[in-house]
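# Analysis of the macromolecular model
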Amino acid sequence: MFYNDLMTVPIQISIQQARRFLLAHHALWPPRALPGKAGVLDYLDRVGCIQFDSINVASRNADLVLQARVKKYRPTLLESMLYEDRSLWDGWDKVQSIYRADDWPHFAPHRQRMLEHYAPQLKPGGKLAVADQVREAVRERGPLSSLDIDHDERVDEWGWGDNTRAARVGMDVLYAMGELGVSRRINTRREFDLVERLLPAELLAQPHPHSTLDAYHDWHVLRRIGSMGLTFHQGTDHWLGISHLKAPARNAALERLLSAGLIHPVEVEGWSHKTLYMRASDLPSLEAASSGRQPSRKAAFIAPLDNLIWQRDLLEGLFDFFYRWEVYVPAAKREYGYYVMPVLYGDAFVARMDPKLDRKTQVLRIEGWWWEAGVDPADGAMRRALARALRDFGRYLEAKEIVLGDKARPAPGLREILEEV
């Protein structure tokens, strides 16, 4: 249906087709259907990486991403894949991210860039000369956090904040360069070990798979398009983390990928925004999402840094849903709340939820709930779907109780939904 001989002729799709393709691509059509570890790997095969963020109000972003997709998900699943069987890697892609460990060789350009950037400071007399001490301490003693390094000198450069311990910065730099890897996380504290003790020798011995910078750009731009499903070529945030990729290099990579038939231009009917791009390998998914056979409508709570909402303009244009993460907005200027999550029902966003988990009492408090304009809170099918989603969300967090906060109590129908949980 969507294939054409001239690869540069845009594929025409409706807004509904675009929505459903994106939701299917992001394993949300329907949500919470992927099976365990195999499901996590399948999802990462589609999107490449999951953004990691340490803020933990109800849960951390990576876990929130997976709870919306994996059936009966618990955080111990991700921990075991990262820090026990090492099928996943705690590294860098768009920003700090989680991806398949097998992808390690592809990120050699990033590690080389970090080496070149920090090398002058690692030399004797440099502000990060402590890195040698850090490396040897880890080699001799095994996994360590920066608190285990007896070195109190402080530095204030490179974005770590003023007066940061040099041992911590040195450890992070060795991590960025690929000498150290995260052995495990204990809340927000990371323990590092030598990469050769964390990843298989045969993986570390693999040569850099891209013979030129252009070839690397082609691989990473194609991967990043898959991270989103549909994307603009304009903008900067959704292209972050691709080494040495300025706008001219990005445009050149897109042209090469188009010429090779690896990506397709897409235009959404009735939407005046510029051309989007998708991977050619995702065309069968577009076909399937456009068919008449659709899953039953279910509800899910979407993480603030979910791949689906990396492009806020796309989210607003296709779903008529404006979203801003207000973590860094002063409290007095927030429109909604500190850690608000979009609420998905079927192929539409119907509300916003501000959850907070009290870890002493294991009570999940919905601080605020805001229905989108035009949504009918009395819709019986939607209420049942939301009740099931809240039940599953509470079980995921091991919450003993779910209660409503002051900004949630006035929401029409929410108390009734909670009674069905």
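First, a word on scope: everything that follows refers to the structure included in this document. Since we're looking at a predicted model, the values are computed, not measured.

### A look at the sheet that holds strand β9 (residues 263-268)
Across the sheet, three strands lie side by side as β1-β9-β10; this open sheet has mixed pairing. Each edge of the open sheet is held by one strand with a lone partner, namely β1 (11-13) and β10 (276-279). Direction aside, the axes of adjacent strands within the sheet are offset by 40° on average. In this structure, β9 lies alongside β10, joined through four bridges in antiparallel fashion. Bridge pairing links H264 to M278 in β10.

### Concerning the nonpolar core
Core analysis: the biggest nonpolar cluster contains 117 residues, and L230, F301, M353, W369 and F393 have the highest contact counts within it. If you look at the next biggest cluster of nonpolar residues, it comprises 25 residues, including C49, W89, W219 and L258.

### Some details on the pattern of salt bridges
Evaluated as defined, the whole model comprises 27 salt bridges. Measuring nitrogen to oxygen at the nearest pair gives 2.7 Å for the salt bridge that ties R69 to D306. With R69 in the loop between α3 (61-67) and α4 (75-83) and D306 in the loop between β11 (299-301) and α12 (312-319), this residue pair connects regions lying 237 residues apart in the sequence. Across the pair, D306 and R69 agree in class, each one buried. Between R365 and E367 there is a salt bridge; the shortest N-O distance is 3.4 Å.

Conventions and cut-offs
Residues numbered from 1 in each chain as written. Predicted model: local features only at pLDDT ≥ 70, side-chain atom pairs only at ≥ 80, totals over all residues. Heavy atoms only, no water. Pairing = 2+ DSSP bridges. Helix = DSSP H or I, 4+ residues; strand = E, 2+ residues; numbered from the N terminus. Axes fitted to C-alpha atoms, helices over the stretch in contact; angles between N-to-C directions. Core = buried A, V, L, I, M, F, W, Y, C linked by side-chain atoms within 4.5 Å. Buried < 20%, exposed > 50% of the residue type's maximum accessible area, 1.4 Å probe, protein only. Salt bridge = Lys/Arg side-chain N within 4 Å of Asp/Glu carboxyl O.

As far as function goes, none of this settles anything; it's purely spatial.
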